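Examining the three-dimensional arrangement
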Amino acid sequence: EAEVAQSPRYKITEKSQAVAFWCDPISGHATLYWYRQILGQGPELLVQFQDESVVDDSQLPKDRFSAERLKGVDSTLKIQPAELGDSAMYLCASSQRQGAGNTEAFFGQGTRLTVV
Amino acid sequence: AQSVTQLDSQVPVFEEAPVELRCNYSSSVSVYLFWYVQYPNQGLQLLLKYLSGSTLVKGINGFEAEFNKSQTSFHLRKPSVHISDTAEYFCAVRDVYNFNKFYFGSGTKLNVKP
């Protein structure tokens with residue numbers, strides 16, 4: 001069964017350091033989402049891609065966060081410099097284009113980030 | 001923008017008892033509705049979805065949900081819960097006229113007690 005792959009699963013970093021997360025969506029999925037989930041809360045959208053283009057990054061803290069999906073396939077989310085408040089689960093999800101079949105988002109296992 | 005409200009942050013229930021987790025959303029115009037389940041340190045897994053048609057939707061693990069357009073609700077139910085159902089449950093809306101964005105509720109922690 002096809003899955004969304006994320007790495008690493010866990011990351012501990014010191015504040016002010018740089019950190020990067022990688023996501024490989026299900027093959028053929030045009031839409032890719034990065035969510036941040038703080039413990040005890042629902043997922044919050046950071047950035048949404050349609051193919052290689054950013055559709056929505058209105059909630060992405062652009063002074064320290066960046067995301068790219070250069071070839072419209074896998075994606076990287078970077079934080080530089082990391083702050084204590086960035087400690088959270090970072091979830092990647094993908095979905096097909098509207099009308100292409102499945103309508104749900106498929107999630108990866110997430111990356112648990114701890115900033116110390 | 002859509003908003004999703006899950007009215008209960010925590011629901012304790014005894015094993016084999018019925019349960020209902022409540023979800024309300026802001027607008028029923030051109031949306032799809034979903035329930036996801038999340039186990040500790042895991043991603044979200046789809047339980048069920050409503051696209052159109054019958055308002056009663058059945059999902060995995062014996063869960064079902066009912067779409068109510070007039071009340072803009074999509075409550076999740078299970079007639080008899082198991083210990084293994086202990087997890088966090090998220091209601092979500094996909095807005096098909098707004099770049100297919102997903103909006104999530106804040107989650108309901110279901111705690112099944114023996």
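Structure first, text after, so check above.
Reading guide: rules and limits
- Residues numbered from 1 in each chain as written.
- Chains lettered and ligands numbered in written order.
- Predicted model: local features only at pLDDT ≥ 70, side-chain atom pairs only at ≥ 80, totals over all residues.
- Heavy atoms only, no water.
- Helix = DSSP H or I, 4+ residues; strand = E, 2+ residues; numbered from the N terminus.
- Rg over C-alpha atoms; globule rule 2.2 N^0.38 Å.
- Buried < 20%, exposed > 50% of the residue type's maximum accessible area, 1.4 Å probe, protein only.
- Contact = heavy atoms within 4.5 Å.
- Phe/Tyr/Trp six-rings, centres within 6.5 Å; stacked < 30°, edge-to-face > 60°.
- Buried area = accessible area lost by both parts, 1.4 Å probe.
- Salt bridge = Lys/Arg side-chain N within 4 Å of Asp/Glu carboxyl O.
- Polar contact = N/O pair within 3.5 Å; in protein donor to acceptor, adjacent residues only side chain to side chain.
- Nonpolar A, V, L, I, M, F, W, Y, C, P; charged D, E, K, R; others polar.
- 1 Å grid on protein atoms, 1.4 Å probe; cavity = no way out; pocket = protein on both sides within 12 Å on 5 of 7 lines; lining within 4 Å.
- Points joined across faces, edges and corners; volume = space filled by probe spheres on them.

As for the overall build of chain B
Within chain B one finds zero helices and twelve strands. Counted from the first residue to the last, chain B has its helices and strands arranged as β-β-β-β-β-β-β-β-β-β-β-β. On C-alpha atoms alone, chain B measures out to a radius of gyration of 14 Å, which is about the 13 Å that the 2.2 N^0.38 rule sets for 114 residues. Expressed as a percentage of its 114 residues, the buried residues of chain B come to 48%. Sequence-distant contacts in chain B: of pairs separated by 6 or more residues, those separated by 24 or more amount to 56%.

Comments concerning the packing of aromatic side chains
Summed over all chains, the structure comprises 13 aromatic pairs over all chains. Between Tyr33 of chain A and Phe102 of chain B, the aromatic rings sit 5.5 Å apart at their centres with planes inclined by 80 degrees, giving edge-to-face as the arrangement. Placement of Tyr33 of chain A in strand S4 (residues 31-37) and of Phe102 of chain B in strand S11 (residues 101-104) is noted, with the two residues assigned to different chains. Look at Phe102 of chain B and you get buried, because its relative accessible area is 4%. Ring geometry for Phe107 of chain A against Tyr36 of chain B: centres 5.5 Å apart, planes inclined by 80 degrees, an arrangement best described as edge-to-face. Highlighted residues: Phe107 of chain A in strand S10 (residues 106-107) and Tyr36 of chain B in strand S5 (residues 31-38), drawn from two different chains. Clustering of aromatic rings is evident, with ring pairs tying together Tyr33, Tyr35 and Phe107 of chain A together with Phe34, Tyr36, Phe102 and Phe104 of chain B.

Notes on the interface of chain A and chain B
Where interface size is quoted, it is often the accessible area lost as the parts come together. Counting from both sides, the interface comprises 25 residues of chain A and, opposite them, 21 residues of chain B. Between chain A and chain B the total buried area reaches about 1,900 Å² when both faces are included, carbon and sulfur atoms providing 47% of it. Seen at the junction of chain A and chain B, the total is two salt bridges. Lys49 of chain B is the salt-bridge partner of Glu104 of chain A, the closest N and O atoms lying 2.7 Å from each other. At the junction of chain A with chain B, the criterion picks out nine residue pairs in polar contact (both at pLDDT 80 or more). Its residues assigned to classes, the side of chain A that touches chain B comprises nine nonpolar, twelve polar and four charged.

What about the layout of surface pockets?
Estimates place the volume of the largest pocket at around 430 Å³. The wall of the largest pocket is formed by 23 residues, among which Glu1, Phe106 and Phe107 of chain A together with Leu44 and Gln45 of chain B lie closest to the centre. If you tally residues by element for the lining of the largest pocket, the top one is strand S6 (residues 44-50) of chain B, at three residues. Each pocket or cavity is described by its volume, and for the second largest pocket that value is around 270 Å³. In terms of lining, the second largest pocket is formed by 15 residues, of which the most central are Leu39 of chain A together with Gln38, Pro40, Asn41 and Glu88 of chain B. Here the residues of the lining of the second largest pocket sort into six nonpolar, six polar and three charged.

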